[in-house]
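Each chain, written out:
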Number of protein chains: 4
Amino acid sequence: MSFNSYGQMFRVTTWGESHGPALGCVIDGCPPGVPLNAPAIQHWLDRRRPGASKHTTQRKEPDAVEILSGTFEDVTTGTPISLMIRNMDQRSKDYGEIAETFRPGHADITYWQKYGVRDYRGGGRSSARETAARVAAGGVARAALAELAPGLTITGYLVRMGEKVIDRARFDWAAIEANDFWCPDPVAAEEWAGYLDWLRKDDHNSVGAVIEVVARGVPPGLGAPVYGKLDTDLAAAAMSINAVKGVEIGEGMAAAALTGRANADEIFMGPDGPEYNSNHSGGILGGISTGQDIVLRFAVKPTSSILSPRKSIRKDGSPTEVITKGRHDPCVGIRAVPVGEAMVAAVLLDHFLRDRGQTGGVRGKIGAG
Amino acid sequence: MSFNSYGQMFRVTTWGESHGPALGCVIDGCPPGVPLNAPAIQHWLDRRRPGASKHTTQRKEPDAVEILSGTFEDVTTGTPISLMIRNMDQRSKDYGEIAETFRPGHADITYWQKYGVRDYRGGGRSSARETAARVAAGGVARAALAELAPGLTITGYLVRMGEKVIDRARFDWAAIEANDFWCPDPVAAEEWAGYLDWLRKDDHNSVGAVIEVVARGVPPGLGAPVYGKLDTDLAAAAMSINAVKGVEIGEGMAAAALTGRANADEIFMGPDGPEYNSNHSGGILGGISTGQDIVLRFAVKPTSSILSPRKSIRKDGSPTEVITKGRHDPCVGIRAVPVGEAMVAAVLLDHFLRDRGQTGGVRGKIGAG
Amino acid sequence: MSFNSYGQMFRVTTWGESHGPALGCVIDGCPPGVPLNAPAIQHWLDRRRPGASKHTTQRKEPDAVEILSGTFEDVTTGTPISLMIRNMDQRSKDYGEIAETFRPGHADITYWQKYGVRDYRGGGRSSARETAARVAAGGVARAALAELAPGLTITGYLVRMGEKVIDRARFDWAAIEANDFWCPDPVAAEEWAGYLDWLRKDDHNSVGAVIEVVARGVPPGLGAPVYGKLDTDLAAAAMSINAVKGVEIGEGMAAAALTGRANADEIFMGPDGPEYNSNHSGGILGGISTGQDIVLRFAVKPTSSILSPRKSIRKDGSPTEVITKGRHDPCVGIRAVPVGEAMVAAVLLDHFLRDRGQTGGVRGKIGAG
Amino acid sequence: MSFNSYGQMFRVTTWGESHGPALGCVIDGCPPGVPLNAPAIQHWLDRRRPGASKHTTQRKEPDAVEILSGTFEDVTTGTPISLMIRNMDQRSKDYGEIAETFRPGHADITYWQKYGVRDYRGGGRSSARETAARVAAGGVARAALAELAPGLTITGYLVRMGEKVIDRARFDWAAIEANDFWCPDPVAAEEWAGYLDWLRKDDHNSVGAVIEVVARGVPPGLGAPVYGKLDTDLAAAAMSINAVKGVEIGEGMAAAALTGRANADEIFMGPDGPEYNSNHSGGILGGISTGQDIVLRFAVKPTSSILSPRKSIRKDGSPTEVITKGRHDPCVGIRAVPVGEAMVAAVLLDHFLRDRGQTGGVRGKIGAG
């Protein structure tokens, strides 16, 4: 049992607070023989790094990762991989005034009620800075997947920011890396830029978002019944990300509105195995991957740290108003994209190893001969 | 690690296939001294039982539970509680013809691809019959919660069936038990009855649903950062239920459309502790319960077993059409209501015990003196 | 977390009390495609069965195992295997008088102190009847090992009964099955028979024993650093057996008396890989199997249930003397032999699957070219 | 599942290699509100530190611990505690020549066979340097136990070095800290000093040892049936320590030689609860603590790194002789004493929290009224 770990065979334990000396993770169970060094992980961290555009927090963190164990001559050894990222830009003074109050929508009050003690600087352990450790672990998972399941790709992007949604007719994979929002719709991206500027500077407000992550090239057979379902673990992985309030696989909540006839993904025999005429299932049936694209979506609530005053109380019960200064993302959903990708990578690798352990990769054949 | 267990301190392992001799569960970690006997569990099983109305499967199963261990003189002893339910109405011949084909939307194909062997009778392990074991375990969890957190209630209901949604203005707690759909809107319930009749008999179709489960009287402080979040475990619990494709806490996916100002649940001091002017958070902040109502919602896809023909393939790759006879729920969402309640009960008890283990129930005080 | 489970990938959860209706286990993670039926498991249970000779308890239990799930047409499906054994010969009245007292050397007093409730009939959950479930699970593990590691054998035997030890010069594998004590020294076996008769009938006493279990044909590479050591898991498995007080691997406690020069197992190159000129290590180095025989030894204390009076107290604190009637083994070590074998089988299979999951069976080569 | 973690509620994950930049651990589940700072942990590390006397390795490591997370203002917050110790005195060149050979008695060969890659510098992950992380974690466990179970003490000492054993008639608790061997027999300690000098300098040899760890003041009720036994977890904890080959609780292996009459710890009523006239059980019955002293013993083999040549092979299979230079303990058992204490502390705290979670500390009363 662990409150701060996820995964079974590829097991990640994260640690660290927003304003402590460092944060990091320990990864246990990584296969041996995987090429890995710090730059390979840094590549992914740079995508999540704060301060990369004017649309994210202005906290300046290089998020430079150190590999403290588990590799030898740039190859994993099969022993625990310890990764550390030093915090460089803590401005603890920003938080002195909130030591005795509870910011609405934040974990301040529940941490206090549960533990009777809290590190109030930047939210302590509840800060989204913890997600840097997830991205680092995801980088390791990607390196292992590159060896074990070549051709598997994982791509995340924003499909909604507040009331504004992308037009799927304009979906362009190449656009995703070409704007500050990981937005596959270049027209929407432009509109969002102006909207977010106004929201932050003029409205002193924040906004939610929906992230979609697609994994292509996933072999069939990953996942398991009943509580070891691939979608169960993906849902838990997504819901564990800060500020996430909803998770969908394939059709998601919209599946409720469909009939059985409409929802069935009919099966045909293709040259390399079964094919489907649609993907309502999001690539998972009975908790096990079909070989179709795996489609995960999750909703991130608007950040609770805003410059507009909200009513709250102090520890002593007296009323107060809270305006959260400091440096915050007006739309945390943006930086949640690389985090979501990382979680999907970790879950897929974990299930790859679990499946290999139990079944040895033996598979039921489909097709003649 | 286990594919068929959930929970950490209150740990449930289920077993059994749709058409095997029996199904059941083993519950480890239940507190000692809890009054418990078979009728207390049967009460909850009767709510999920198939064949209870014309709107659910006509398979006749008494679902009579036997307690095989873990109690002595109608009190739990703290040792494993083994529960067994005999299958009584297996019509395996219904399934002979699908041994060589894969029903679209079912786990037939993925089980085959993963394991290279499958019990095709009624879906085997992938059948929703497994949820009887969940409901039994939930009955045990409720008995323990009645001792540990008196006043805590858990209530589930349908808020959507296909395109039809309830009118929250007509929400009536008393109505939930008064119709075949666990529907809190009596007007909607009547409409749904006719719709479902038509769907089943005339349209040979099925339909999805959205279930909402509310837990009231949950003490603050349950849950934990980061991967031990209460909402993470609720999301996993819901997603592990057959046919679930989406999960929401509080505002859920709609949180993405809100601004930070709108989404903040402002805090006030009440006579018994903190109060909130809204509950967008669904009773959970930073993964830890606030003391507000916990609100979980999940979407169930339409059952894939329908009388309308769908295109598929055989094991040898040749094309075929599948019409699923047998006895199936036209809307599995209905019977998912007691299942959802049971999962919430198990998760809350588990977190109660985990919290008591780590913190001993010591809490940060809010208020003068 | 679970108090009643062991293993990670091959995960066994046992349940049941001495005088409840039944006992059993649920096995999760068994590989699919393993030939398995009830007689294959019964074979191993019959070796542990009570009442098989005059030297063991006279409780008459057929220990007939039922497979309730997890197989289809006599092959494992990869889903949970539920095994049940009905208790047939409960004489609860034997135990009425101990409801208010605590038998010295028994778990009566600690169960009461911990749980505040206990099933006093036959020791309830603390009874060695639980080990029937272990042997059943071990039967499943052996069936899987027969597929995955053909040639691997596991053999247990008694090397000590009280003050009497075997003469290793007379060690005869064939003798083990030829006497009531699983004793590899036929001369000792004869002497033990007379001794145990006298001890039970005349001395109203019991005696301890040392069991040795040897696994031959174990591939190198099973186990892992640091808390996943093969010997760590073997030690835990042995120590979890009722009445066990000591566990040894290879030289065991005697290793403390050796010098480094004497203890080194020197390495040579053989036709099929590395060979060693001795096996002080018991087949495990750094927690990982070497390919040599794995040698586990454990000591079982004398059963505490004897006809000689021992001083104790009642629940109310008043003094009393306890004479334990009922039907008990004068030397529980005898029936611990098949239990020890079963635990070794489960641990080896578990590590086989864990190793396959993490490393995929890729191995560092030793030898030219 | 994790290869490098132990404990359930108080969960410790260690990482690091002998010659990597650092080693450390992450502790999850520590109760909040425990006073803790680096000096409190350093106190325990200094007892294990290499180079503290001429009888241990001359590697100079300050073993200075850094707390990277999990405390705020010198109090634990309930979030993960990350501890790091930098390696300062790596002489990797000592190990260059063993890159292609396997040291007899070492994990060199099994790591290579399992992983196909290894960090050969100082044994990499298999080095006893890992135990520094255990001692640090044990320091945290002790700090928590001081709050939760005041009066509980844990003391380890050497009872055997090679052929030389202590005389229990001379047992003196005060002597333990007064010599270089944690030896409670001051006469033996003096003899051992001369013996070890000769062994190291003249005989180029090493020797094994037996460590005993006693925990006094342990409340009754810790531990659980069947695989969650306190002695099971203590056995695993001890066996996981480098070079350990045997583990005993109470009478240990000698229990096998006793009769039931001799082995019974008779029970009497004392002023504060039950008392026993002996402690053959080592303070544990049925896996649950009785309140008597818990007595754990374990045997450590002689270190395999000696200056005397031993036969071995190279990776290519060719024969060679190995003389292990470098800086090694002639008797690793000495430094295993604080390691054993640390493991006992971690196990006891873990079981304290697990018991509190499940039972809430409610206990069956013994005595009138």
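Note that this is a predicted model, so its numbers are computed, not measured.

Asks: Please clarify how the packing of aromatic side chains should be interpreted in this entry.
Replies: The relative placement of two aromatic rings is captured by the distance of their centres and the angle of their planes. If you walk through the whole model with that rule in mind, you get 32 aromatic pairs over all chains. Geometrically, the ring pair formed by Tyr227 of chain A and Tyr6 of chain B is tilted, given 4.5 Å between the ring centres and 55 degrees between the ring planes. One end of the pair, Tyr227 of chain A, is in the loop between strand S10 (209–216) and helix H5 (230–239); the other, Tyr6 of chain B, is in strand S1 (residues 5–6), on a second chain. For Tyr227 of chain A, a relative accessible area of 7% gives the class buried. Measuring from centroid to centroid gives 5.8 Å for Tyr111 of chain C and Tyr115 of chain C, while their planes differ by 70 degrees, and the two rings are edge-to-face.

Asks: What is the right way to look at the pattern of salt bridges in this model?
Replies: Pairs can form between side chains of opposite charge whenever their charged atoms are close. With the rule as written, the count across this model stands at 103 salt bridges over all chains. With its nearest N and O atoms 2.3 Å apart, the salt bridge here joins Asp355 of chain B to Arg363 of chain B. Judged by relative accessible area, Arg363 of chain B falls into the partly exposed class, the value being 28%. Across the salt bridge formed by Glu191 of chain C and Lys164 of chain C, the nearest N and O atoms sit 3.2 Å from each other. With Glu191 of chain C in helix H4 (residues 186–201) and Lys164 of chain C in strand S9 (residues 164–165), this residue pair connects regions lying 27 residues apart in the sequence. Take Glu191 of chain C: its relative accessible area is 44%, and that puts it in the partly exposed class. For Lys164 of chain C, a relative accessible area of 24% translates into the label partly exposed. Within the structure, one salt-bridge network assembled from shared partners comprises Arg47, Arg142, Glu177 and Glu341 of chain A.

Asks: Help me understand the interface of chain A and chain D, please; the structure alone is not making it clear to me.
Replies: Frequently, the measure chosen for interface size is the accessible area that the parts lose on association. The interface is formed by 43 residues belonging to chain A together with 43 residues belonging to chain D. The largest contributions to the chain A side of the interface with chain D come from Met1, Leu68 and Phe72 of chain A, which together make up 19% of the buried area. Put simply, chain A and chain D have two salt bridges between them. Measuring nitrogen to oxygen at the nearest pair gives 3.7 Å for the salt bridge that ties Glu66 of chain D to Arg86 of chain A. There are ten residue pairs in polar contact (both at pLDDT 80 or more) connecting chain A and chain D. Of all the elements in the fold, those that place two or more residues in the side of chain A that touches chain D are strand S2 (11–16), strand S3 (22–28), strand S4 (65–69), strand S6 (75–76), strand S7 (81–86) and helix H2 (108–115) of chain A. No other element matches S2 of chain A, which puts five residues into the side of chain A that touches chain D.

Asks: Got a minute to help me understand the sheet that holds S10 of chain A in this structure?
Replies: By definition, the strands of a sheet pair up through backbone hydrogen bonds, in either a parallel or an antiparallel sense. Taken in spatial order, the ten strands make up an open sheet running S9(A)-S8(A)-S10(A)-S16(A)-S11(A)-S11(B)-S16(B)-S10(B)-S8(B)-S9(B), and their pairing is antiparallel. Each of the sheet's edge strands pairs with one partner strand only, and the pair in question is strand S9 (164–165) of chain A together with strand S9 (164–165) of chain B. With seven bridges joining them, S10 of chain A and strand S16 (residues 294–300) of chain A adopt antiparallel strand pairing. Looking at S16 of chain A, one finds that Glu212 of chain A is bridged to Arg297 of chain A.

Asks: Help me out: how do you make sense of the sheet that holds strand S2 (residues 11–16) of chain D in this one?
Replies: Residues and elements named next belong to chain D. Taken in spatial order, the five strands make up an open sheet running S1-S2-S3-S7-S4, and their pairing is antiparallel. The sheet terminates laterally at strand S1 (5–6) and strand S4 (65–69), the two strands that pair on one side only. One ladder, built from six bridges, connects strand S3 (residues 22–28) with strand S7 (residues 81–86); its direction is antiparallel. For Ile27, the partnering residue across the bridge sits in S7 and is Ile81. Against the sheet, helix H1 (residues 38–48) contacts S4 and S7, and its axis sits at roughly 140 degrees relative to S4.

Asks: Would you mind showing me how to read the relation of the copies chain B and chain A here?
Replies: Here two copies of a chain appear, and what relates them is a rotation about an axis with a shift along it. The transformation that overlays chain B on chain A combines an axial shift of 0.0 Å with a rotation of 180 degrees, and the residual RMSD is 0.0 Å. On the angle and the small slide along the axis, the relation comes out as a two-fold axis.

Asks: I'm lost on the interface of chain B and chain A in this one. Help?
Replies: Contacts between the two partners involve 115 residues from chain B, matched on the other side by 113 residues from chain A. When chain B packs against chain A, close to 9,200 Å² is buried across both sides, 61% of that on carbon and sulfur atoms. Our count for the chain B to chain A interface comes out at six salt bridges. Across the chain B-chain A interface, the total number found is 59 residue pairs in polar contact (both at pLDDT 80 or more). Element by element, the count of residues in the side of chain B that touches chain A is highest for helix H2 (residues 108–115) of chain B, at seven residues. Sheet topology places strand S11 (residues 244–249) of chain A next to strand S11 (residues 244–249) of chain B; three bridges connect them, and they run antiparallel. When the bridges of S11 of chain B are listed, Glu248 of chain A appears paired with Gly246 of chain B.

Asks: When you look at the relation of the copies chain A and chain D in this model, what are you seeing that I'm missing?
Replies: Take chain A, turn it by 180 degrees, move it 0.0 Å along the axis, and it overlays chain D with an RMSD of 0.0 Å. A shared binding surface is used by both copies, with 100% of the interface residues of chain A retained as interface residues in chain D.

Asks: How do you make sense of the packing of helix H5 (residues 230–239) of chain C against helix H7 (residues 332–359) of chain C when you look at a structure like this?
Replies: Packed helices, taken two at a time, are described by the angle their axes make and the gap between the axes. Residue and element names in this part refer to chain C. At a closest axis distance of 10 Å, the pairing of H5 and H7 adopts a crossing angle of 150 degrees. Viewed along their axes, H5 and H7 adopt a mutual orientation that is roughly antiparallel. The hand of the H5/H7 crossing is right-handed. Contacts from Leu230, Asp233, Leu234 and Ala237 of H5 reach H7 at Met343, Val344, Val347, Leu348, His351 and Arg354. In the contact of H5 with H7, the residues fall into seven nonpolar, one polar and two charged.

Asks: I tried to follow unusual backbone geometry on my own but got confused; where do I start?
Replies: Trans is the common state for peptide bonds, and a negative phi is the common state for residues other than glycine. Residue and element names in this part refer to chain B. The omega torsion across Pro225 and Val226 is -15 degrees, close enough to zero to call that bond cis. Looking at where Val226 falls in the secondary structure, it is placed in the loop between strand S10 (209–216) and helix H5 (230–239). Despite not being glycine, Asp74 shows a phi value in the positive range, around 65 degrees. In this structure, Asp74 sits in the loop between strand S5 (71–72) and strand S6 (75–76).

Asks: What exactly am I supposed to notice about the state of the cysteines here?
Replies: In a disulfide, the sulfur atoms of two cysteines are covalently bonded to one another. Applying the stated criterion across every chain yields a total of zero disulfides over all chains. The closest cysteine sulfur to the non-disulfide-bonded Cys331 of chain A is located on Cys183 of chain A, 11 Å from its own sulfur. Note on Cys331 of chain A: relative accessible area 0%, which makes it buried. For Cys30 of chain B, which is in no disulfide, the shortest distance to another cysteine sulfur is to Cys25 of chain B and amounts to 11 Å.

Asks: What exactly am I supposed to notice about the environment of Asp185 of chain D here?
Replies: All names here are of chain D. Structurally, the position occupied by Asp185 is in the loop between strand S9 (164–165) and helix H4 (186–201). Overall, Asp185 belongs to the buried group, its relative accessible area being 0%. For Asp185 and Ile166, which are 19 residues apart along the polypeptide, the C-alpha to C-alpha distance reads 5.9 Å. Of the polar contacts made by the side chain of Asp185, one reaches the backbone nitrogen of Val187; its length is 3.0 Å. Side-chain polar atoms of Asp185 contact the backbone nitrogen of Ala188, separated by 3.1 Å.

Rules of the game
Residues numbered from 1 in each chain as written. Chains lettered and ligands numbered in written order. Predicted model: local features only at pLDDT ≥ 70, side-chain atom pairs only at ≥ 80, totals over all residues. Heavy atoms only, no water. Phe/Tyr/Trp six-rings, centres within 6.5 Å; stacked < 30°, edge-to-face > 60°. Helix = DSSP H or I, 4+ residues; strand = E, 2+ residues; numbered from the N terminus. Buried < 20%, exposed > 50% of the residue type's maximum accessible area, 1.4 Å probe, protein only. Salt bridge = Lys/Arg side-chain N within 4 Å of Asp/Glu carboxyl O. Contact = heavy atoms within 4.5 Å. Buried area = accessible area lost by both parts, 1.4 Å probe. Polar contact = N/O pair within 3.5 Å; in protein donor to acceptor, adjacent residues only side chain to side chain. Pairing = 2+ DSSP bridges. Axes fitted to C-alpha atoms, helices over the stretch in contact; angles between N-to-C directions. Least-squares fit on C-alpha atoms with pLDDT ≥ 70 in both. Parallel < 35°, antiparallel > 145°, perpendicular 65-115°, else oblique. Left-handed = near helix turned anticlockwise from the far one by under 90°. Nonpolar A, V, L, I, M, F, W, Y, C, P; charged D, E, K, R; others polar. Disulfide = S-S within 2.5 Å.

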